[in-house]
Amino acid sequence: MGSGGGSVYSSLSYFSSSTCFASHFSISSPSSLKLNPRRFLFHNPRNLRKQAPLRCGRSLEMESKKPIFDVDTFDDDFVQKLVYDALVWSSLHGLVVGDKTYQKSGNVPGVGLMHAPIALLPTAFPEIYWKQACDVTPIFNELIDRVSLDGKFLQDSLSRTKKADVFTSRLLDIHSKMLERNKKEDIRLGLHRFDYMLDEETNSLLQIEMNTISCSFPGLSRLVSQLHQSLLRSYGDQIGIDSERVPRNTSTIQFADAIAKAWLEYNNLRAVVMVIVQPEERNMYDQHLLSSILREKHNIVAIRKTLAEVETEGSVQEDGTLIVGGQAVAVVYFRSGYTPNDHPSESEWNARLLIEESSAVKCPSIAYHLTGSKKIQQELAKPGVLERFLDNKEDIAKMRKCFAGLWSLDDPEIVKQAIEKPGLFVMKPQREGGGNNIYGVDVRENLLRLQKEGEDGNAAYILMQRIFPKVSNMFLVREGVYHKNQVISELGVYGAYLRNKDNVIVNEQSGYLMRTKIASSDEGGVAAGFGVLDSIYLN
């Protein structure tokens, strides 16, 4: 679902959340733990045949058996020089977060700043897979929009989940009320992120999550790419790599431009953009970067409100206009609201309903939000379901190519396999924000517990194939200190989609986010000391 005010990604949670098509970060695969690809072909058809060679003659096989640079050859003086320059650059350019040791750092801008956790240098990523991820983004954008319009599909697919999960139930109640009132969202804005990992077992790019709410780091990810480009311009000759191989990242600008176009479609020049935030938000600078572009480039005012403040200050006029604090709101951009923790009282739920009842453009609407749920993505991975929403067979094939194993707990055969070999699976509850996934022997224990308790609890979880990505060495920098670690990485590709009735105004890939974490951890967020922001180096 989401990923914004909350987690870097579900396994690297910092400030947001999200959901899934494959699985989450995992340690390198023990040779004894192997999945039978045929098993996955039944549930998630994917052509694993050998791919055509690249034009330069290299095959599609994982390209980096040999790293682009060897961090073991870097002496400490050289690394310290890189770190110093990186910290100066970050401080000057706003690559910062709130320091949790300062009480006011989540409320008062400019108080208690520190550099964001970063990889010192970019991570190698095969260009062929980068292009694949970018190419499929507009197709996934379109899929989300079409699924969101099928209220019956959403309600039916989540009917059992509703019984097992209170948070999903409350979201469905709001969605149901909108269906009963035949509420139409003529202007639909989606700011998405699609997360992938390279699986060494299958030499495939596999999609982990499809995020539709609160997609984090469109601001800071652009800065990390610029930081790495700057370092390579200064030290690339010594390291032996070229700054031009770090892709230009325009995530901040493209997201802000999409919001601005939605504001224009709403057609009220006095209205504002309202960013829904958490009461304590140490990732505020990532959000302020978008607001700054809205003001400086588009002359649009952005205000920040918690859901509780919206409930206190908000109302909907007879014509549907949302008024908050005396100001008309054209666009509501959620960087909160994706987890039960964001709804500690009825005030927050009242606010969410109020927003949904209004004519303001929601990013996301309740239907987009539900489309990003784990269960919906598991349903979309079933054979024949994509054809319900898309006609182009070539587009469907492109999407299926990056699907990985994803199952309901109603499948007794897959549950049996997961109990026997839990290391090959990730068990995921209907929760966002990171730290919720179940790994290893805990998968077995929880499946056995659910079997004893009966089938009612099954709908609260799904099973995913565990991905085994390449492990490499990298310098990670946190709190001004670098450490050399074995790491794995996850690529997130942003997508922006804007539609007014039948007119698609924006449908594009909108930059990227690379996140890198220590390979030995299953869960663990950026804030917890395991993960960092990164960029990619195309090889």
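Scroll up to find the structure this text is about.
Figured I'd write up the structure that's included with this text. Fair warning: this is a prediction, and the values are worked out from it, not measured in the lab. (Residues numbered from 1 in each chain as written. Predicted model: local features only at pLDDT ≥ 70, side-chain atom pairs only at ≥ 80, totals over all residues. Heavy atoms only, no water.)

## Topic: the packing of aromatic side chains
Note the following rule: Pairs were defined over the aromatic rings of Phe, Tyr and Trp, the Trp ring being its six-membered one, requiring ring centres within 6.5 Å. Orientation was assigned from the angle between planes: stacked under 30 degrees, edge-to-face over 60, tilted for the rest. We count a stretch as a helix when DSSP gives it H or I for four or more residues in a row; a strand needs E for two or more, and each element gets its number in order from the N terminus. The classification of residues rests on relative accessible area computed with a 1.4 Å probe and restricted to protein chains. Under 20% of the type maximum is buried, over 50% is exposed, and intermediate values are partly exposed.
For the coordinates displayed, the defined rule picks out eleven aromatic pairs. Centroid distance Phe74 to Phe475: 5.9 Å. Interplanar angle 35°. Geometry classified as tilted. Of this pair, Phe74 sits in the loop between helix H1 (37-43) and helix H2 (76-93) while Phe475 sits in strand S16 (residues 472-478); the two residues are 401 residues apart in sequence, bridging distant segments of the chain. For Phe74, a relative accessible area of 14% translates into the label buried. Note on Phe153 and Phe389: the rings are 5.0 Å apart at their centroids and 75° apart in plane angle, and the pair reads as edge-to-face. Separated by 236 residues along the polypeptide, Phe153 in helix H4 (residues 151-157) and Phe389 in the loop between helix H13 (374-380) and helix H14 (393-401) bring together distant segments of the chain. Phe389 shares its class with Phe153; the two are buried. Connected via pairs of aromatic rings, a cluster forms that spans Phe69, Phe74, Phe78, Tyr235, Phe475 and Tyr482.

## With respect to the sheet that holds strand S13 (residues 406-408)
Put simply, the test is: Being paired, for any two strands, means DSSP has found at least two bridges between them. Axis definition: a line fitted to C-alpha atoms, over the contacting stretch in the case of helices. Angles run 0 to 180 degrees between N-to-C directions.
The strand order across the open sheet built from three strands is S13-S15-S14, with neighbouring strands paired in antiparallel fashion. With one partner strand each, in any of the chains shown, S13 and strand S14 (425-429) form the two edges of the open sheet. With strand direction ignored, the average angle separating the axes of adjacent strands in the sheet is 30°. Looking at chain direction, S14 and strand S15 (residues 461-465) are connected through five bridges and run antiparallel.

## As for helix H15 (residues 412-420)
Heads up, the condition is: It is the directions from the helix axis to the C-beta atoms whose arc is reported. Side-chain atoms alone can form a polar contact between residues adjacent in sequence; in general such a contact is a pair of N or O atoms within 3.5 Å, and within protein one must be able to donate a hydrogen while the other accepts it.
Those residues of H15 lying buried are Ile414, Val415, Ala418 and Ile419. Relative to the axis of H15, the buried residues are bounded by an arc of 140° and lie together on one face. Relative to its buried face, H15 has exposed residues pointing more than 90 degrees away, namely Pro412 and Glu420. Between a side-chain oxygen at the N-terminus of H15 and the backbone nitrogen of Glu413 the separation is 3.1 Å; the capping residue is Asp411.

## Some remarks on the side chain of Asn249
Definition in use: A contact between two residues is defined here by any heavy atoms of the two lying within 4.5 Å.
For Asn249, the position within the fold is in the loop between helix H7 (220-239) and helix H8 (251-266). Within the local environment of Asn249, its side chain forms a polar contact with the backbone oxygen of Ser221, the two atoms lying 3.4 Å apart. Asn249 has contacts with Ser221, Arg222, Ser225, Gly511 and Tyr512, leaving out every residue within four places of it along the chain.

## As for unusual backbone geometry
The peptide bond linking Cys363 to Pro364 adopts the cis configuration, its omega dihedral lying at 10°. Structurally, the position occupied by Pro364 is in the loop between strand S12 (361-363) and helix H12 (366-371).

## Points about the packing of helix H3 (residues 127-148) against H14
Put simply, the rule is: Roughly parallel means an angle under 35 degrees; roughly antiparallel, over 145; roughly perpendicular, 65 to 115; everything else is oblique. Take the far helix as the reference: if the near one is turned anticlockwise from it by less than a right angle, the crossing is left-handed, and if turned clockwise, right-handed. In the scheme used here, Gly and all other residues not listed as nonpolar or charged are polar, with Ala, Val, Leu, Ile, Met, Phe, Trp, Tyr, Cys and Pro taken as nonpolar and Asp, Glu, Lys and Arg as charged.
Between H3 and H14, the least distance of the axes is 10 Å, while the angle of their chain directions is 115°. Between H3 and H14, the interaxial angle falls into the category roughly perpendicular. At the point where H3 passes H14, the crossing takes the left-handed sense. Touching Gln132, Asp135, Val136, Ile139, Phe140 and Leu143 of H3 are Asp395, Lys398, Met399 and Lys401, all from H14. Tallied by class, the residues present in the contact of H3 with H14 amount to five nonpolar, one polar and four charged.

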